[in-house]
Amino acid sequence: MRNITTCYSEHAVKVSSSYCSGPAANQAYLSPNLVPSVQNAATCIYKVKLCTNQRLFFIRITWSNLAAAGQGFSIGISDDSCSISKFSKNSRQLKKVKGTKSFDCCNNSRIEVLWDLSEATYDSGRPEPINGYYVVVLVNSELSLLLGEIEEESELKKRISDVKYFSKYSLLSRSEQFYGGNALFSTKAQFLEGGNCHDIVIKCGEENGSKNSSVLSVTIDKKNMIHVRRLQWNFRGNQTIFVDGLIVDMMWDVHGWFFNPTTTSDGYAFFMFRTRSGLDSRLWLEEKFLEQKEQEKVGFSLLICACKSPD
């Protein structure tokens, strides 16, 4: 599967305005009765800055409801957000619904993970819990990540209250995987830390019932933000939108749907939302030049990988 950042840095296509516009009010290019595709995995990467020595760590949490792995999560630790090999080397699959796990990584840093999913509740079609759970990560006895909620009277709550140091952490990126079903994808995203959570719907389908004219539609909070016609020609592209006062680049690559629909590794479509400051003049900065500074940048990206059922 190609790295989407490489794809856009080399082959970005700016779609002309004649192919990107809001649909007419009476234009029913997709059936309103389509059922959204099911999300079977979600990966979040958190940037952690230790309080004691200002070191940066990156914690990757992957929630899954895949049949092969079962419903649960895995955790990976790295000191480089771009190094997949480091995440994989320091990754642990946590299959029990409750427990603790300790291990060393990244220059002998001590990692301790505590979790409880025994009473977790889930949204339909979502791999990660929404209530009744917690995941706690300590790096060198410093509280570095807390997901969910811990009961006030629990032993863990008392232990955390005795922790002397608390890291600063933020959600750096999120990727979601959809497999099968219709080309209709529904998700949520918070582009600004502390800001509103937005409903995002991505639809791909035939325009006015014509199999020779596909369209891409993106709505945020039920407001149409992007509408791309003749998707077979404009299978890669980007547009800039504004959300919560932020510049957000929305990029898509549906080449695999049209030209590699039966290939497991290539028959995916990719949709990415990435925030950037007004100082950034390009979608993707030179990797060598700003590799170190990219880790310090404040921003958020959402990547959706989608494999739809064959027509």
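Just above, that's the structure.
My aim in this report is to walk through the structure given alongside it, one point at a time. (Residues numbered from 1 in each chain as written. Predicted model: local features only at pLDDT ≥ 70, side-chain atom pairs only at ≥ 80, totals over all residues. Heavy atoms only, no water.)

### Some details on the sheet that holds strand 10 (residues 142-148)
1) Next: The strand order 5-6-9-10 describes an open sheet built from four strands, whose pairing is antiparallel. At either margin of the open sheet sits one strand with a lone partner, and together these are strand 5 (98-105) and strand 10. If you compare each strand with its neighbour and ignore which way they point, the axes differ by 15 degrees on average.
2) Next: Alignment of strand 6 (residues 109-116) against strand 9 (residues 134-139), held across six bridges, turns out to be antiparallel. Counterpart to D116 in the pairing with strand 9 is Y134. (Pairing = 2+ DSSP bridges. Helix = DSSP H or I, 4+ residues; strand = E, 2+ residues; numbered from the N terminus. Axes fitted to C-alpha atoms, helices over the stretch in contact; angles between N-to-C directions.)

### Regarding the pattern of salt bridges
1) Next: All told, the structure shown has nine salt bridges when counted by the stated rule.
2) Next: Its salt-bridge partner being D116, residue K98 comes within 4.0 Å of it at the nearest N-O pair. One end of the pair, K98, is in strand 5; the other, D116, is in strand 6, with 18 residues separating them in the sequence.
3) Next: The exposure class assigned to D116 is buried, which follows from its relative accessible area of 14%.
4) Next: One connected set of salt bridges, linked through shared partners, spans E128, R174 and E176. (Salt bridge = Lys/Arg side-chain N within 4 Å of Asp/Glu carboxyl O. Buried < 20%, exposed > 50% of the residue type's maximum accessible area, 1.4 Å probe, protein only.)

### Notes on the sheet that holds strand 3 (residues 72-78)
Hydrogen bonds between backbone atoms are what pair the strands of a sheet, whose relative direction is either parallel or antiparallel.
1) Next: Taken in spatial order, the nine strands line up as 4-3-2-1-11-19-18-17-16 in an open sheet, and their pairing is mixed. Strands at the two margins of the open sheet, each flanked by one partner only, are strand 4 (91-94) and strand 16 (236-243). If you compare each strand with its neighbour and ignore which way they point, the axes differ by 15 degrees on average.
2) Next: As judged from the seven bridges shared by strand 17 (residues 246-253) and strand 18 (residues 269-276), these two strands associate in the antiparallel manner.

### Things to note about the packing of aromatic side chains
1) Next: For the structure shown, the criterion picks out 11 aromatic pairs.
2) Next: A centroid spacing of 6.0 Å and a plane angle of 90 degrees characterise the contact between W63 and Y133, whose relative ring orientation is edge-to-face. With W63 in strand 2 (residues 56-64) and Y133 in the loop between strand 8 (129-131) and strand 9, this pair connects stretches of sequence that are 70 residues apart. Of the two residues examined, W63 and Y133, each falls in the buried class.
3) Next: Residues F235 and F259 carry aromatic rings whose centres are separated by 5.6 Å and whose planes lie at 75 degrees to one another, so their mutual orientation is edge-to-face. Placement of F235 in the loop between strand 15 (223-228) and strand 16 and of F259 in helix 4 (residues 255-259) is noted, with a sequence separation of 24 residues between them.
4) Next: Taken together through their ring pairs, the aromatic side chains of W63, F73, W115 and Y133 make up a single cluster.
5) Next: Sitting over the face of the ring of F103, R92 holds its NZ or CZ atom 4.2 Å from the ring centroid. (Phe/Tyr/Trp six-rings, centres within 6.5 Å; stacked < 30°, edge-to-face > 60°. Lys NZ or Arg CZ within 6 Å of the ring centre and 35° of its normal.)

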